[in-house]
Structure formats: structure tokens, C-alpha cells
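Commentary on secondary and tertiary structure
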Amino acid sequence: MRSSEWVLVLAVFGASAVEMVEALTIVVAAGSTRGWRSALQGAATAVAVLAALVLVVGVPLIRYVPIDALRVIVGALLLSLGLNWLRKAWLRASGHKAAHDEDRIYAETVAELAADGPVRPQRDAVGFAVAFKGVFLEGTEVVLIVISLGASQGRLGLASLAAAAAAVVVFGVGALVARQLSSVPENTIKLTVGVMLTSFGIFWVGEGAGIHWPGSDAFLLALVAVFAVLSAAVIPWLRRSSPAVAGVAP
Amino acid sequence: MTAALARGLRAFGRFWWDFLVGDTPELFVVTLVVVGIAFALSGLHLLPVIVIPGLVALAVVVSAARGRVARR
């Protein structure tokens, strides 16, 4: 595999893992309160719809849109998404934004579902709908990343496999430990993916516009290094003015 | 039928607005500027290689700095 394909696999796997940890929290909450059968059916249906979306949107994109135009469009999408992830991860790492708390989300979802009437033993519509919605909403961003990265490099299958592998790993570990994964270093993964998406975004916008990056694909690694170093410098700088450091509650 | 279509279109538009612009419109503007600069400088060799990553880095640092919770 080329270096850009390795970065693609890592970016999609990381993004998918982060979103699937969030989805797992909702599925476990739905399963433990409304019954596992309906929750798992809801989650499986959402995964099937998301996979269909990748096929329906991704394949025509690769076949019918000129590759340079496609690269500029998906590059801009990835850049926009990557910058948002990067900014959010910096603010969370420096104490300016509350970290994503899976335990709190789990407790809130369980409380809401428990108050939502009696559970139907065969098929519980509430459990199904909540699990479906959780997986579908968290998975939409993954689908966009899979389509963008996969289509721009003509490796939709590879990107889909990386996302599927992350989903299998997260749900597999979740099933083994039978709970939501609150100890996953979510912000670190989000930061890493933010660095990669930003780098991919710059790279593909440039390629699509006709810029010849020095070293071709290897320039992508240079971009990843630049934004990783920038993150390492900016987070401590932001932390110096963090309310937690200053003694004020965030 | 028409009302359902309008609702669907509104929800679709809202999704993309939240996804692309959200609460950081400055990053969306920077993305558009980067696309423009990439086309404008595509004939040059070294300049876009420095200017584009530099502009993106500066933009995200400024945006994060603006997003800080003010020290009291």
C-alpha cells in the first residue's frame, strides 16, 4: 500500500472508532433498558442503511464525476470537517471545552428510556428506534468520510473495509465487556483523525486544483507531521489560559 | 406531500449547514479561501506549498484561540 492509503485506512478507522464508541453507548443503554433484541435489530438496520448510502452515493461519484473536480469538492469537505475536529480536540485537551462523557450520556439515555413506558418482549419500538437513531446519526459522519476519502483515491472498498473493521472492533470489545467504552481515549483519537482529515483536505484540494506537491504522496505525511507538531505546541499554549488552570470551573 | 418534501429539504439543508458551517463559520470561509488560493497559485511551484498549509494552520489556531473560555 502507498503512504496515502495507509493514512486513509488510519483516518477512516480512527473516525469510525470514535463515532462507533458513541453509538455503542446508546445501543448498550437501549439494550439494557428496552431489551437486547430490539436494540441490536435497530443497530443492524442502521448499519445496513449506512452501507447502502456508501454504495448509492459513493459508486456514482467515482464513475461519473471527473476526478479533479471530485478531489477539490471532497478535499474541501474533509478540510472543513478536519478543522472542526482539530479545533474541538485542542479545546477539549486544553480544558476549554468539556470532554465527551460516555458515562453521563449512558446514564441520561438509560433514565430517559426507563421512563418511556413498559417494555414489549417481542419487538420494542422504542429500543429499536433509539438504537437505530444512535447508530445512524453517529455513522453519517463516518459515511461522509468513507465516501470522501474513498472516492478521491478510487479506494471506496478499502475505506469501507477500514470503517467496518472499526465497527467490528468497537462492538466486539463492547460485547465482550458488556458495557459502553468510557475508557477509550476518545479525544486523542479525535485529535489524530482531525490532523489526518485536515492534511487530506489540503492535499486533495491542491491536487484537484493542479498543484504539484513536492514528493507527491509523501507530502501528505509531511502535512500530517506539520499539524501534529502544531497540535503539540498549541495545546499547552491554550492550556495556559484554561479556566481550570486559573482556578475557575470550566 | 409538498409539506413533507419541504420539511425533508429543510432538514437536509440544516444538516449540511450544521455540518459545514455550524458554530465555526470562520473555518468554512477559510476552506473556501483555500480552494480559491489553490486555483490561483496552481501554476506556481513553491508558493502554494507554503501558503496553503500556513494559512490553514493560522486559521485553526486563531479560531481555537477565539473559542477559549475567557480567564476570569
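Residues numbered from 1 in each chain as written. Chains lettered and ligands numbered in written order. Predicted model: local features only at pLDDT ≥ 70, side-chain atom pairs only at ≥ 80, totals over all residues.

Regarding the interface of chain B and chain A
For clarity, the threshold we go by: For every residue pair, C-beta atoms are placed from the backbone, and the pair is scored as a contact if these atoms sit within 7 Å. We count a stretch as a helix when DSSP gives it H or I for four or more residues in a row; a strand needs E for two or more, and each element gets its number in order from the N terminus. Polarity classes work like this: nonpolar for Ala, Val, Leu, Ile, Met, Phe, Trp, Tyr, Cys and Pro, charged for Asp, Glu, Lys and Arg, and polar for all others, with Gly in that last group.
Opposite the 26 residues of chain B that make contact, chain A presents 30 residues. If you tally residues by element for the side of chain B that touches chain A, the top one is helix α3 (residues 47-66) of chain B, at ten residues. In terms of residue class, the side of chain B that touches chain A is built from 17 nonpolar, six polar and three charged.

Side note on helix α2 (residues 25-40) of chain B
In an α-helix, one full turn covers 3.6 residues, which means residues spaced three or four apart are oriented alike. What counts here: Multiplying 1.5 Å by the residue count of a helix minus one yields the expected span of that helix. Here exposure depends only on C-beta density: within 10 Å of a residue's C-beta, 20 or more other C-beta atoms make it buried, 12 or fewer make it exposed, and intermediate numbers make it partly exposed, the C-beta atoms being placed from the backbone. Picture the helix axis, draw a direction to every C-beta atom, and the arc is the one those directions span.
With 16 residues, α2 of chain B extends 23 Å between its outermost C-alpha atoms, agreeing within 8% with the 22 Å of an ideal straight helix rising 1.5 Å per residue. Burial in α2 of chain B covers these residues: L27, V30, T31, V34, V35 and A38 of chain B. The buried residues of α2 of chain B occupy an angular sector of 140° when projected down its axis, which confines them to one face. Exposed residues lying more than 90 degrees from the buried face of α2 of chain B are P25, V29 and G36 of chain B. For α2 of chain B, the elements touching its buried residues are α3 (67-93) and α7 (186-209) of chain A together with α3 of chain B.

With respect to the confidence of the model for chain A
Residue and element names in this part refer to chain A. Heads up, the condition is: Per-residue confidence from the predictor is reported as pLDDT, a score between 0 and 100.
In the predicted model, chain A carries a mean pLDDT of 84, and the fraction of residues at 70 or more is 90%. Confidence, read as mean pLDDT per element, is least for helix α9 (residues 243-246) in chain A (54) and greatest for helix α8 (residues 218-239) (94). Here residues 245-250 is a poorly scored stretch, pLDDT under 50, and it has twelve contacts once near neighbours within four places are set aside; other chains count.

Here's the deal with the nonpolar core
All names here are of chain A. Heads up, the condition is: Any nonpolar core is a set of buried residues, restricted to Ala, Val, Leu, Ile, Met, Phe, Trp, Tyr and Cys, that join up through C-beta atoms within 7 Å.
By size, the foremost hydrophobic cluster in this structure holds 89 residues, and its most contacted members are A11, V12, V27, A131, V146 and V205. With 18 residues, the single largest contributor to this core is helix α1 (residues 3-34). Residue contacts for A11: discarding those within four places in its chain leaves L149, V193, M196, L197 and F200.

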